[in-house]
Amino acid sequence: MEEQISGAVEVVGEVVEKAVAQVVEQAVGQGGHHGDAMVAIAIAVAIAALLGLGFMRLRQPPLVGFILAGLALGPTGLGVISSSENVALLAEMGVVVLLFFIGMELSIKAFVLSLKQAVIVAGGQLIASMVLAALLAFMLGASPSETLILGFIIALSSTVVAMKMLEEMGELRGAPGRVAVGVLIAQDIAVVPMLILVSSLGGDGFDIAEVTFKVVVAVALLAGLLWWFGRNPKLKLPFAEAIEDNVDLLAIGSLALCFSAAALSGLAGLSPVYGAFLAGIIVGNSTLRSRVIPVIEPIQSILLVVFFLSIGLLIDLDFILANIALVLAAALLVVGLKTALNIFLLRITGSDPKTALLAGLSMAQIGEFSFVLAAAGFASGAFGSDIYRLAIAVTAISLLVSPIWFNLMERVEDLANEGLGSYKEALAQAYEGEIDGVENVMWAMRARYRAARFALYQRRARRSEVQAESPDIARPAAAADAAADKPEAEKP
């Protein structure tokens, strides 16, 4: 009996020993993996910060630097970040938190006044985008389903990029920001039927009743919230007095509400960002609004940087270089035509020239939800691989050039109002600060070069004086200098 017990103990001991060894081995391996991941994160953050700072010094939007950092570090760049799945998840969180933040800062009365204009402009964008998509499809030989998806993709604009550019100009809370937010929210609502239709193009069938029901629910929820908060005082949330001075609880509670509303909206078949926007309206019309905004803003900024990094990761350099003319022509055509169309639609719906210019320029790019539509069409089989890669490339490039385009056109338009004779003259004055900065750098480099030459001349002059005063001492040094200057072929 004792022998059996001791044998069983030995067997158990061996099993435990093997299990512990396996756990230790896995822990060491995971530790190395996490260490590699931390190095990649450190490199990504450092390069994004440096490029953002560089573009800021050039008086350009820093977000362009963030996108270029993602491009440089991505799979087709240096390969520091080989997989974009985790980054994409954080980027989606950034978009959700941004809509939550916009909802908190939204002025109900101003938003209601801009709703009619927003619906008309969004509808006009969709119709014109279908015409442009048909033109591109004819040139590329695309199918009708691919033409429809391309039209949806072109019609959408980026909420993140538009809001960030307007915020950097101080116009987010002004008339351009109010108009742009209205149009972008109308587009977000339209994403719901677009996604359902795109997914059904692969052969699963299209349920018009389901689409209509979801759109009606989305519009009813928004209208109900706007009606309620437009006629009632500030909402007092539970435990508001207990947590209003606790930063940790304010942050975690606000994010919990934001992501819970986004999750419920997604499960209901609506866009997750739409749910986050409604949650933001609720918090923004509560007694905690002034406490929550400064707590959420830094979190939103960090997640948005990750979003811009993820855009750079999506850019396939190999495909772009192989089709450089087609991709650049399509991207510039889309950005230019969307700018002209947006400004035209905003002007005919009542916006003043300055508001139409800023709001129209801010929505000139293709939106982040276009990536989702393209992926859904590709997964359903309605989107070919070549058209899919082209759509992704054009969308990413439009997001990259949009801030520079916004900055350029806004400056030129301001100066054109001063009666300048040509756009060349306007460009020269618009970028006078950057040109002066480059000239200052060149002048500093020339000054340092001349100073170095002068210092070298003085050193040689002093050496010549020493040699003249002490010829016996200077002779070996002169011989050494002559040997050093002697050509290789003449040396023994």
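Residues numbered from 1 in each chain as written. Predicted model: local features only at pLDDT ≥ 70, side-chain atom pairs only at ≥ 80, totals over all residues. Heavy atoms only, no water.

Student: Describe the overall build of the chain, listing the residues and the values that go with them.
Tutor: Secondary structure summary: the chain contains 20 helices and 0 strands in total. Counting across all 492 residues of the chain, residues that qualify as buried make up 41%. Approximately 26200 Å² of the chain is accessible, and the part contributed by carbon and sulfur atoms is 66%. (Helix = DSSP H or I, 4+ residues; strand = E, 2+ residues; numbered from the N terminus. Buried < 20%, exposed > 50% of the residue type's maximum accessible area, 1.4 Å probe, protein only. Areas by Shrake-Rupley, 256 points an atom, 1.4 Å probe, with all protein chains shown as cover.)

Student: Tell me about the nonpolar core, residues and numbers included.
Tutor: A general feature of soluble globular proteins is that nonpolar side chains tend to end up buried together. One finds Met-163, Leu-222, Phe-277 and Phe-308 to be the most contacted residues of the largest nonpolar core, which totals 121 residues. In terms of residue count, helix α7 (residues 175-200) provides more of this core than any other element does, 13 residues in total. Setting aside residues no more than four positions away along its own chain, Phe-277 makes contact with Leu-99, Phe-100, Ile-102, Gly-103, Leu-106, Phe-111, Ile-185 and Leu-222. (Core = buried A, V, L, I, M, F, W, Y, C linked by side-chain atoms within 4.5 Å. Contact = heavy atoms within 4.5 Å.)

Student: Explain helix α14 (residues 324-348) to me, using residue names and the numbers behind them.
Tutor: Here α14 contains 25 residues, and its C-alpha end-to-end distance of 36 Å stays within 8% of the 36 Å for a straight helix at 1.5 Å per residue. All of the buried residues along α14 are Val-327, Ala-330, Ala-331, Val-334, Val-335, Lys-338, Thr-339, Asn-342, Leu-345 and Leu-346. Looking one or two places after α14, you find Gly-350, whose phi comes out positive at around 110°. (Expected span 1.5 Å × (residues − 1).)

Student: Could you give an account of a nonpolar patch on the surface, with specific residues and numbers?
Tutor: A surface patch of nonpolar side chains, about 670 Å² in accessible area, is lined by Leu-135, Phe-138, Met-139, Leu-140, Leu-326, Leu-333 and Leu-337. Those elements that provide at least two residues to the nonpolar patch are α4 (108-140) and α14. Looking at which element gives the most residues to the nonpolar patch, the answer is α4, with 4 residues. By relative accessible area, Leu-337 is classed as partly exposed at 43%. (Patch = residues over 30% accessible without salt bridge, like charges linked within 9 Å, V, L, I, M, F, W, Y side chains within 5 Å. Salt bridge = Lys/Arg side-chain N within 4 Å of Asp/Glu carboxyl O.)

Student: Help me get a handle on the packing of aromatic side chains, residues and values and all.
Tutor: All chains considered together, the criterion is met by 1 aromatic pair. Taking 4.6 Å as the distance between ring centres and 20° as the angle between the ring planes, the aromatic pair formed by Phe-378 and Tyr-388 counts as stacked. Residue Phe-378 is located in helix α16 (residues 369-380), and its partner Tyr-388 is located in helix α17 (residues 385-416); the two are separated by 10 residues in the primary sequence. For Phe-378, a relative accessible area of 40% gives the class partly exposed. (Phe/Tyr/Trp six-rings, centres within 6.5 Å; stacked < 30°, edge-to-face > 60°.)

Student: Any details on the packing of α14 against helix α15 (residues 353-362)? Residues and values, ideally.
Tutor: Direction vectors running N to C along α14 and α15 enclose 140°, while the axes themselves pass 8 Å from each other. Pair α14 / α15 crosses with right-handed handedness. Within the contact between the two elements, α14 uses Thr-339, Asn-342, Ile-343, Leu-346 and Arg-347 and α15 uses Pro-353, Ala-356, Leu-357, Ala-359, Gly-360 and Leu-361. Residue composition of the contact of α14 with α15, grouped by class: 7 nonpolar, 3 polar and 1 charged. (Axes fitted to C-alpha atoms, helices over the stretch in contact; angles between N-to-C directions. Left-handed = near helix turned anticlockwise from the far one by under 90°. Nonpolar A, V, L, I, M, F, W, Y, C, P; charged D, E, K, R; others polar.)

Student: Would you mind going over helix α10 (residues 247-267) in detail, with residue names and values included?
Tutor: The end-to-end C-alpha distance of α10, which contains 21 residues, comes to 30 Å, matching closely the 30 Å that a straight helix rising 1.5 Å per residue would cover. Once α10 ends, the next one or two residues include Gly-269, with phi positive near 90°.

Student: Pulling in residues and values, what's your account of the pattern of salt bridges?
Tutor: Inspection of every chain in the model, using the stated rule, returns 1 salt bridge. The residue Arg-389 makes a salt bridge to Asp-386 at a minimum N-O spacing of 3.6 Å. One end of the pair is Arg-389 and the other is Asp-386, both in helix α17 and 3 residues apart, which spans about a single turn. Judged by its relative accessible area of 39%, Arg-389 is partly exposed.

Student: Describe the environment of Val-95, listing the residues and the values that go with them.
Tutor: Note that Val-95 resides in helix α3 (residues 85-105). Considering only alpha carbons, one finds Val-95 and Thr-159, 64 residues apart in sequence, at a separation of 8.2 Å. The residues contacting Val-95, other than those within four sequence positions of it, are Val-160, Val-273, Phe-307 and Glu-368.

Student: Describe in detail the environment of Glu-146, supporting the description with residues and values.
Tutor: Along the chain, the position of Glu-146 falls in helix α5 (residues 144-155). Take Glu-146: its relative accessible area is 11%, and that puts it in the buried class. Glu-146 sits 236 residues away from Ala-382 along the chain, and the two C-alpha atoms are 6.4 Å apart. Filtering out sequence-adjacent residues up to four positions away, Glu-146 remains in contact with Ala-382, Phe-383, Gly-384 and Ile-387.

Student: Now, about the environment of Glu-105: what can you tell me, with residues and values included?
Tutor: Assignment of secondary structure puts Glu-105 in helix α3. Taking the C-alpha atoms as reference points, Glu-105 and Ser-290, 185 residues apart in sequence, are found 9.7 Å from one another. Leave out the neighbours within four places in its chain, and Glu-105 touches Leu-172, Arg-173, Arg-289 and Ile-293.

Student: I'd love a proper account of the packing of helix α2 (residues 62-73) against helix α12 (residues 289-314), names of residues and values included.
Tutor: The N-to-C vectors of α2 and α12 enclose an angle of 45°; their axes lie 6 Å apart at closest approach. The angle between α2 and α12 falls in the class oblique. As for the relative orientation of α2 and α12, their crossing is right-handed in sense. Across the interface between the two elements, Leu-63, Phe-66, Ile-67, Ala-69, Gly-70, Leu-71 and Leu-73 from α2 touch Val-305, Phe-308, Leu-309, Ile-311, Gly-312 and Leu-313 from α12. (Parallel < 35°, antiparallel > 145°, perpendicular 65-115°, else oblique.)

Student: Which residues make up the confidence of the model for the chain, and what values go with them?
Tutor: The predicted model of the chain has a mean per-residue pLDDT of 74, with 75% of residues at 70 or higher. Averaged pLDDT values over the elements of the chain bottom out at 48 in helix α18 (residues 423-430) and peak at 89 in α14. Note that residues 19-33 has pLDDT below 50 and, in this model, 0 contacts with residues that lie over four places away or in other chains. A low-confidence stretch, residues 484-492 (pLDDT under 50), is modelled with 3 contacts involving residues beyond four sequence positions or located in other chains. (pLDDT = per-residue confidence, 0-100.)

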